[in-house]
Amino acid sequence: MQEKFGRIELLLGDITRVEVDAVVNAANRSLLGGGGVDGAIHRAAGPSLLEECRALGGCETGDARITAGYRLPARHVIHTVGPVYHGRPDDPVLLASCYRRSLELARQHGLASIAFPAISCGIYGYPIEEGSRIAIDTVRDFLDTNPLPERVLFVLFSNEFFRVYREYLQRVTA
Ligand code: AR6
């Protein structure tokens, strides 16, 4: 399933199979792999990804780092560290920062297309209604003032998450 809203696209599926300039990984501060989408990206990219990540020495929550994509169809991986959801005022600030820092890295590297999973909305417990709004609002703000990246994909892993993103995108782009 796929739907287009200008430069933003929604896709139902596995982010490790998407052909874009960069896929974003919902990592942890160690950048040394884990479960969820992080585990899937490392498995698909192969052991060279972990080797490059080791040399980065970790990443703060809300920040991002870029590596090669190795065996992925994507040329790069942008690793970002979402907040563990606590319902505190800085949760949305940190989550928005993940999207912004990832987009800034894509722009700095001249990348035309980037694919995001629903950062923090799995193991880290962020409610999808709030998480999806932060994702969409932050990406739309960035695209308003930046020609790159040209295309931003949200790759959702369940029908329910796809529907939540679609409903909000339909509302804000109407
Ligand atoms: N493609 C697209 N989305 C996926 C895929 C996939 N292949 N696999 C899972 N998702 P999560 P977080 C969805 O838990 O909440 C790791 O251990 C998943 O259904 O991967 O940011 C890290 O090392 C959910 O909607 O990331 C951290 O320790 C979304 O991706 C921690 O988990 C994010 O879920 C980060 O937790």
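As recorded in an unreviewed UniProt entry, the protein goes by the name RNase III inhibitor, listed as coming from Syntrophotalea acetylenica.

### Comments concerning the site of the ligand
Around the ligand lies a shell of 21 residues, among which Asn 28, Gly 35, Val 37, Asp 38 and Ile 123 are the nearest. Gly 35 places a main-chain nitrogen or oxygen 2.7 Å from an oxygen atom of the ligand. With respect to the ligand, the backbone of Tyr 124 contributes an N or O atom lying 3.0 Å from an oxygen atom. Contact with the protein chains hides 89% of the accessible area of the ligand, taken as 710 Å² for the molecule alone. Sorting the residues of the shell around the ligand by element identifies strand 3 (22-27) and helix 1 (36-45) as the ones contributing at least two each. Of all the elements, helix 1 adds the most residues to the shell around the ligand, at four residues.

### Some remarks on helix 5 (residues 159-173)
Taking 1.5 Å per residue as the helical rise, helix 5 with its 15 residues ought to reach 21 Å, and the 21 Å between its terminal C-alpha atoms agrees with that figure. Every buried residue of helix 5 is accounted for by Phe 161, Phe 162, Val 164, Tyr 165, Tyr 168 and Leu 169. What you see down the axis of helix 5 is that its buried residues fit within an arc of 160°, all on one side. Within helix 5, the exposed residues directed more than 90 degrees away from the buried face are Asn 159 and Arg 171. Those residues of helix 5 that are buried lie in contact with strand 1 (2-5), strand 2 (8-12), helix 3 (90-108), helix 4 (128-145) and strand 7 (151-156).

Parameters and conventions
Residues numbered from 1 in each chain as written. Predicted model: local features only at pLDDT ≥ 70, side-chain atom pairs only at ≥ 80, totals over all residues. Heavy atoms only, no water. Near = heavy atom within 4 Å. Polar contact = N/O pair within 3.5 Å; in protein donor to acceptor, adjacent residues only side chain to side chain. Areas by Shrake-Rupley, 256 points an atom, 1.4 Å probe, with all protein chains shown as cover. Helix = DSSP H or I, 4+ residues; strand = E, 2+ residues; numbered from the N terminus. Expected span 1.5 Å × (residues − 1). Buried < 20%, exposed > 50% of the residue type's maximum accessible area, 1.4 Å probe, protein only. Arc of directions from axis to C-beta. Contact = heavy atoms within 4.5 Å.

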